[in-house]
Amino acid sequence: VAAAVRHRPARTAAGVAAGGLAVAAASWCTGNSAGAGVPTVTGLNLLAWLAAVVAGLLLRERDRRRRDAAAAVRLDLARELHDEVAHHVTGIVLQAQAARILARRRPGEVDGALAGIETAGAEALAAMRRVVALLREGEDLGDLVSRYGGPPVRLRLPAGGLRCAPAVSAVVYRVVQESLTNVTRHAPRARSVSVTVGESPSSVTVTVLDDGPSPAPAAGGYGLIGMRERVEALGGELSAGPAPSGGWAVSAVLPREAR
């Protein structure tokens, strides 16, 4: 019963569960008469049936969360490919088309066009490497901070580095990345940003806080929606709003192991 409830389609699972209940209830008919109360065997059968159904439902929900988390990661990679790699490849195609025109009309300028294609190709290769790194083990937060072009960022990580499931590490990276992007867009007068990542035996927390006086991003912005979807897909929680000390704070709490 537990295996069927966990793995089979809803109708099949319900049918098997109903059949298990019928078998458990049928033991009443083979035991004492109804007037003698519920036989011990019947009681044990019903308890075992109930435990199997509950266990199957819990495992079914856990499997669903894992599928949702995997789908979120695939969507994240699709966005990365679109935003990073596709952008550079499009530039290469356009510059190659321009080079063909220059070769016919102004041959002396072809070398400059080829140099532009070479630069765009190198950028596309770097973007592809970042995607591959995310697929394999998640990108490093230190690298992300070092590439950030906004105000100075103070990064605090657990001693020995972040130790959690790869899916959780990828979501932590995305929360920090999107939060830093929001600082650039919505807090242009921010002078500093702090990124703090902490661990406990059961959870990982990440907080991004800026000191900008500018208005906060709209609560319905696509950046916050995307962050919330990723965090909740792993069974975590995300909050965003004005910090008591000023500025804007984004905080996420995630389980160490993706559910």
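Asks: I would appreciate a short explanation of the overall build of the protein in the present structure.
Replies: If you tally the helices and strands in the protein, you get seven helices and five strands. Its helices and strands in sequence order give the protein the pattern α-α-α-α-α-β-α-β-β-α-β-β, from N to C terminus. Counting over 259 residues, the protein shows a buried share of 34%. A fraction of 65% describes how many contacts in the protein between residues 6 or more apart in sequence connect residues 24 or more apart. Accessible surface for the protein amounts to roughly 15,000 Å². Of this, 60% is attributable to carbon and sulfur atoms.

Asks: Before we go on, may I ask you to explain the side chain of S203 in this structure?
Replies: In this structure, S203 sits in strand β3 (residues 203-210). In terms of polar contacts, S203 uses its side chain to reach the side chain of S200, at 2.8 Å. Residue contacts for S203: discarding those within four places in its chain leaves G198, V253, L254, P255 and R256.

Asks: In this structure, what is going on with the environment of G235? I would like to understand it.
Replies: Among the structural elements, G235 can be located in the loop between α7 (222-233) and β4 (237-242). Relative accessible area serves as the criterion here: at 22%, G235 is assigned to the partly exposed category. Between the C-alpha atoms of G235 and R62, which are 173 residues apart in sequence, the distance is 9.7 Å.

Asks: Before we go on, may I ask you to explain the nonpolar core in this structure?
Replies: In globular proteins that are soluble, nonpolar side chains generally tend to be buried together. Among the nonpolar cores identified, the biggest contains 30 residues, and V168, V172, V175 and V176 are the most heavily contacted of them. The set of elements that each furnish at least two residues to this core consists of α5 (141-147), α6 (166-186), β2 (193-199), β3, α7 and β5 (248-255). Per element, the largest residue contribution to this core is eight residues, and it comes from α6. The contacts of V176, once residues within four sequence positions are left out, are L141, L144, V195, V206 and V208. By size, the runner-up hydrophobic cluster in this structure holds five residues, among which are A99, L102, A113 and I117.

Asks: Mind showing me how you'd approach the sheet that holds β5 here?
Replies: Note on sheets: strands pair through backbone hydrogen bonds, and any given pair is parallel or antiparallel. Ordered by their spatial adjacency, five strands build an open sheet running β1-β2-β3-β5-β4, and the pairing between neighbours is mixed. Of all strands in the sheet, those with a lone pairing partner are β1 (153-156) and β4, marking the two edges. When the angles between neighbouring strand axes are averaged without regard to direction, this sheet yields 10°. With eight bridges joining them, β3 and β5 adopt antiparallel strand pairing. Bridging across to β5, V204 finds its partner in L254. Along the sheet face, α6 touches β1, β2, β3, β4 and β5 and points at about 10° away from the line of β3.

Asks: Would you explain a nonpolar patch on the surface in this entry?
Replies: A cluster of nonpolar side chains, L50, V54 and L58, forms an exposed patch at the surface whose accessible area comes to about 280 Å². Here L58 lies in helix α3 (residues 40-105).

Asks: Got a minute to help me understand the side chain of R256 in this structure?
Replies: Structurally, R256 can be placed in the segment after β5. Contacts of R256, omitting those with residues within four sequence positions, involve R163, C164, A165, V168, E199, S200, P201, S202, S203 and V204.

Asks: Would you mind going over the pattern of salt bridges with me for this structure?
Replies: Side-chain pairing between opposite charges can occur once the charged atoms of the two side chains come close. A complete count under the given rule lists four salt bridges for this structure. We note a salt bridge from E61 to R64, for which the minimum N-O separation is 2.6 Å. Remark: R64 and E61 occur in helix α3; sequence separation between them is three residues, near one turn of the helix. Ionic pairing is found between D211 and R191, a salt bridge with its closest N-O pair at 3.8 Å. In this pair, D211 is assigned in the loop between β3 and α7 and R191 in the loop between α6 and β2, connecting sequence segments 20 residues apart. Among the residues examined, R191 registers a relative accessible area of 65% and is labelled exposed.

Asks: Looking at this structure, I do not really get the environment of E61. What am I missing?
Replies: Judged by its relative accessible area of 33%, E61 is partly exposed. Each C-alpha atom, one on E61 and one on R6, is 8.3 Å from the other, the two residues being 55 residues apart in sequence.

Conventions and cut-offs
Residues numbered from 1 in each chain as written. Predicted model: local features only at pLDDT ≥ 70, side-chain atom pairs only at ≥ 80, totals over all residues. Heavy atoms only, no water. Helix = DSSP H or I, 4+ residues; strand = E, 2+ residues; numbered from the N terminus. Buried < 20%, exposed > 50% of the residue type's maximum accessible area, 1.4 Å probe, protein only. Contact = heavy atoms within 4.5 Å. Areas by Shrake-Rupley, 256 points an atom, 1.4 Å probe, with all protein chains shown as cover. Polar contact = N/O pair within 3.5 Å; in protein donor to acceptor, adjacent residues only side chain to side chain. Core = buried A, V, L, I, M, F, W, Y, C linked by side-chain atoms within 4.5 Å. Pairing = 2+ DSSP bridges. Axes fitted to C-alpha atoms, helices over the stretch in contact; angles between N-to-C directions. Patch = residues over 30% accessible without salt bridge, like charges linked within 9 Å, V, L, I, M, F, W, Y side chains within 5 Å. Salt bridge = Lys/Arg side-chain N within 4 Å of Asp/Glu carboxyl O.

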